Amino acid sequence: MLFATDAVKDDITASRRPFITFVLGGPGSGKGTQCARIASAFGFAHLSAGDLLREEMSCDSKKGKLIRDIIMEGKIVPSEITVHLIKEAIMSSSADRFLIDGFPRSEENRIAFETIIGVEPNLVLFFDCPEEEMVKRVLGRNQGRIDDNIETIKKRLKVFEMLNLPVINYYSAKGKLYKINATGTVDEIFEKVRHLFGSLRP
Ligand SMILES: Nc1ncnc2c1ncn2[C@@H]1O[C@H](COP(=O)(O)OP(=O)(O)O)[C@@H](O)[C@H]1O
Ligand SMILES: Nc1ccn([C@@H]2O[C@H](COP(=O)(O)OP(=O)(O)O)[C@@H](O)[C@H]2O)c(=O)n1
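Cut-offs and rules
- Residues numbered from 1 in each chain as written.
- Chains lettered and ligands numbered in written order.
- Predicted model: local features only at pLDDT ≥ 70, side-chain atom pairs only at ≥ 80, totals over all residues.
- Heavy atoms only, no water.
- UniProt positions renumbered as here; feature names shortened; annotations may be inferred.
- Helix = DSSP H or I, 4+ residues; strand = E, 2+ residues; numbered from the N terminus.
- Buried < 20%, exposed > 50% of the residue type's maximum accessible area, 1.4 Å probe, protein only.
- Contact = heavy atoms within 4.5 Å.
- Polar contact = N/O pair within 3.5 Å; in protein donor to acceptor, adjacent residues only side chain to side chain.
- Near = heavy atom within 4 Å.
- Areas by Shrake-Rupley, 256 points an atom, 1.4 Å probe, with all protein chains shown as cover.
- Arc of directions from axis to C-beta.

Listed under "binding site: CMP" (unreviewed entry) in the UniProt record, and renumbered for this structure, are Asn109. The residue Asn109 is located in helix α5 (residues 107-116) in this model. A relative accessible area of 2% means that Asn109 is categorised as buried. Aside from chain neighbours lying at most four places away, what touches Asn109 is Ile76, Val77, Ser79, Val83, Phe103 and Pro104. Among the polar contacts listed, one links the side chain of Asn109 to the backbone nitrogen of Arg105, at a separation of 2.8 Å.

As structure tokens, this is what we get:
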């Protein structure tokens, strides 16, 4: 079997059951920006799957090189790698609520999380943004990322279009999905997010 077994499962849930929010949206839809605001307003720990992978990518190892090659191609890193990085980050934090940003990117990601970590998210946010706005934002991001170039962006958008919808549909059917229109200013978008979290009081 592809994923880890029950032996490593449940060691997060055995001692506590944190409130988990997945944050979805295309490249440049503003996930990271809004997560920073949510984290500071509502006391969440912010885990970015992309940041965890970029940190691992900088290691001079076979795994680091594999991650780098996949990110350059705008593809999805094997779920087992990403979920184990998320798991380690959750376990080394004492927070009781997490935003997991940029995850799950695919059904494979989603199933790996459930299999390895053994829980479902409490809430799923989806920042819905038109493609041309996402391209504009990514090209203006200017953080020196190896994948923020027009060639890789086109590939990332294709991968997003292909793999995101089944994940959205899955959580929508479970009544866990909150779709937020991600156009407008950062403040305008956060106003909608703030309203949602204020009403949930996680
Ligand atoms: N509502 C917004 N309007 C304009 N630019 C934005 C908005 N939200 C984020 N940005 C900018 O767009 C870029 C991508 O945002 P980011 O939060 O990194 O997106 P993601 O994490 O979804 O890839 C960043 O440079 C950010 O400052
Ligand atoms: N769950 C994830 C998240 C990111 N990634 C990889 O990391 C890249 C950057 O993801 P990110 O979430 O930091 O950035 P954005 O695409 O949202 O701008 C993606 O294009 C994927 O190659 C992944 O493979 N699996």
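With that settled, the discussion passes to the site of ligand 1. In the vicinity of ligand 1, 13 residues are found, and the nearest of them are Lys31, Gly32, Thr33, Arg141 and Gly184. Note that an oxygen atom of ligand 1 is positioned 3.0 Å from one of the backbone N or O atoms of Gly30. In this structure, Gly184 approaches ligand 1 through a main-chain N or O atom, which is 2.9 Å from a nitrogen atom. For ligand 1, whose free accessible area comes to 560 Å², the fraction covered by protein is 74%. At the level of elements, α1 (31-42), α6 (131-141) and α8 (186-200) are the ones that each hand at least two residues to the shell around ligand 1. Looking at the shell around ligand 1 element by element, the count peaks at 3 residues for α1.

A word on α6. Among all positions in α6, only Met134, Val135 and Val138 are buried. One side of α6 holds all its buried residues, which, seen down the axis, span an arc of 100°. Opposite its buried face, α6 presents the exposed residues Glu132, Lys136 and Gly140, each directed more than 90 degrees away. Residues of α6 that are buried in the fold lie against α7 (150-173). Where α6 ends, the next residue or the one after it, Asn142, has phi of about 55°, a positive value.

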